[in-house]
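Residues per chain, in single letters:
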Amino acid sequence: MNITIDPPPVASALSFVQRSTSSAWATYLSQIDRVTPYLGKLAPLAETLRRPKRALIVDVPIERDDGSFAHFEGYRVQHSLSRGPGKGGVRFHPNVSLEEVMALAGWMTIKNAAINLPFGGAKGGVRIEPRLYSKKELERVTRRYTSEIGVIIGPQQDIAAPDVNTDAQVMAWMMDTYDMNTGLASTGVVTGKPIHLGGSLGRKKATGRGVFVMGCETMRRLGMPLEGARVAVQGFGNVGSVAAELFAAAGAKVVAVQDVDATVFNASGLDVVALAADARAQGEIAGFSGGEAITREAFWEVGCDVLIPAAMEGAIDAARAKKIAARLILEGANGPTLPEADDVFAARGIVVVPDVLCNAGGVTVSYFEWVQDFASFFWTEEQINARLAKIILDALDHVWRKAEELKLPLRTAAFVVACERVLIAHVERGLYP
Ligand code: NAD
């Protein structure tokens, strides 16, 4: 099958086919390039995965507490809606850009398909350093952003969730704004809400729990003992802190933790509960007395068995991949490993459980929340945790067998499984008009 692109693509800041070499979108496109030879008859259709279905850029103006005005740029990208409504988080961060949100939306398409959830892929973000704004200002940013993207979101269209620097409170503001604008009571427009606004038990910790569940199963398959395993964690927010606490509670030793400002190390194992309490109280891990402060780069050379990158994309390049001592990488973050680092890990026999599987616990419980909201019938935390483990471990097993069959790393195997599902849905729908 020949696909004609007419006129030929021209790189520009606003072109979907732009390929800047160092962006998350370039990483995503490279991952699609790597999977395409394994897609058989579906391969020519992979072009559809290289283009988000829809991208919205919005101006988010607010009045500041001092009476001045500020403008922020916001985005919502729906990468694919072939398998269901869009689903993906909203990020507040100074590095948010159209390309970053495109990549994060693309990874949501792959993740939701790899786990077999009935969602497409979407993501949103506002380019802002939230630490510089008051809670009231962040509420105004959230409400205006939600109003601006309101034309394309909804419980049956596109459902938001927390991501970096957003939380249950931000989701409550988003839901309330959507409801005020539509006159509906649409709990299903966001997930990760507060429990008494239709949120789900277990959602807050679901991503970190998923990393832990996937990690335990992979260690079992690799014959790595959990008791005493040395774990290093980059990013100590919602994902990293929960994963670290669960590993420590299960008998592993969390030897190093890094956040945006500091890195702490203790060869005998950090007291993760105390570290989390400090981080909650101060908003950072710097100054923690139960460990030694080390340099940011030294983090990557720490003696460890398991490494959990749970901060931002692009953290591990080839140079860092060569230094990392771990035998297993559990990707809590989205897109933390660059393609050339994947090659280094493969050559060194280091197993990477990719983001699209490893951090899928969050979207899986978001799916449960969405289902519970529609049914207005809520499950117990035990039911949620059991169903979470079953769904993600079934997905891991399926991808693991695909990786063995095709002799591929887990990431490419997960992309094979996911891309096949997305492209089959695409074919079955047919091309409109
Ligand atoms: P968060 O805002 O709760 O925490 C982010 C953490 O990363 C903080 O500790 C911050 O200090 C640290 N950090 C930021 N930049 C850093 C840097 N350059 N170096 C070291 N540390 C840095 O965010 P989160 O929700 O935990 O998300 C972390 C990652 O997990 C992101 O890639 C996100 O997309 C992904 N993720 C989150 C969820 C979710 O449910 N929250 C689900 C799936 C994937």
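Just above sits the structure.
Residues numbered from 1 in each chain as written. Predicted model: local features only at pLDDT ≥ 70, side-chain atom pairs only at ≥ 80, totals over all residues. Heavy atoms only, no water.

A. Just the sheet that holds strand S10 (residues 292–293), in detail. Here we have 7 strands laid out as an open sheet, ordered S10-S9-S8-S7-S11-S12-S13, and mixed in their pairing. Among the strands making up the open sheet, the edge pair consists of S10 and strand S13 (351–353). Pairing of strand S7 (residues 230–234) with strand S11 (residues 306–309), which is carried by 4 bridges, proceeds in the parallel orientation. If you follow Val 233 over to S11, its bridge partner there is Ile 308. (Pairing = 2+ DSSP bridges. Helix = DSSP H or I, 4+ residues; strand = E, 2+ residues; numbered from the N terminus.)

B. Representation of the site of the ligand. By nearness alone, 24 residues border the ligand, and Asp 163, Asn 165, Thr 207, Asn 238 and Asn 334 come closest of all. Asn 165 is positioned such that a nitrogen or oxygen atom in its backbone is 2.9 Å from an oxygen atom of the ligand. Here Thr 207 contributes a side-chain N or O atom positioned 2.7 Å from an oxygen atom of the ligand. Out of a free accessible area of 820 Å², the ligand has 84% covered by protein chains. Tallied by class, the residues present in the shell around the ligand amount to 9 nonpolar, 10 polar and 5 charged. (Near = heavy atom within 4 Å. Polar contact = N/O pair within 3.5 Å; in protein donor to acceptor, adjacent residues only side chain to side chain. Areas by Shrake-Rupley, 256 points an atom, 1.4 Å probe, with all protein chains shown as cover. Nonpolar A, V, L, I, M, F, W, Y, C, P; charged D, E, K, R; others polar.)

C. Representation of the environment of Arg 51. Note on placement: Arg 51 falls in the loop between helix H1 (24–35) and strand S1 (54–63). For the pair Arg 51 and Ser 80, spaced 29 residues apart in sequence, the C-alpha to C-alpha distance is 8.8 Å. Within polar-contact distance, the side chain of Arg 51 engages the side chain of Glu 47 at 2.9 Å.

D. Representation of the side chain of Thr 412. Within the element layout of this structure, Thr 412 appears in helix H13 (residues 410–429). Residues contacting Thr 412, with those up to four places away along its chain left out, are Arg 34, Val 35 and Tyr 38. (Contact = heavy atoms within 4.5 Å.)

E. Here's a closer look at the pattern of salt bridges. Applying the stated criterion across every chain, the model contains 32 salt bridges. Residue Arg 76 is joined to Asp 158 by a salt bridge in which the shortest nitrogen-to-oxygen separation is 2.6 Å. In this pair, Arg 76 sits in strand S2 (residues 69–80) while Asp 158 sits in strand S6 (residues 158–159), placing the two residues 82 residues apart along the sequence. The pair Arg 76 / Asp 158 is uniform in exposure class, with both members buried. Two residues, Asp 355 and Arg 411, come together in a salt bridge whose shortest N-O distance is 3.5 Å. Remark: Arg 411 occurs in helix H13 and Asp 355 occurs in helix H10 (residues 355–358); sequence separation between them is 56 residues. For the residue pair Asp 355 and Arg 411, the accessibility class agrees, reading buried in each case. Look at the salt bridges and you will find they share partners, linking Arg 91, Glu 100, Lys 123, Asp 163 and Glu 313 into a network. (Salt bridge = Lys/Arg side-chain N within 4 Å of Asp/Glu carboxyl O. Buried < 20%, exposed > 50% of the residue type's maximum accessible area, 1.4 Å probe, protein only.)

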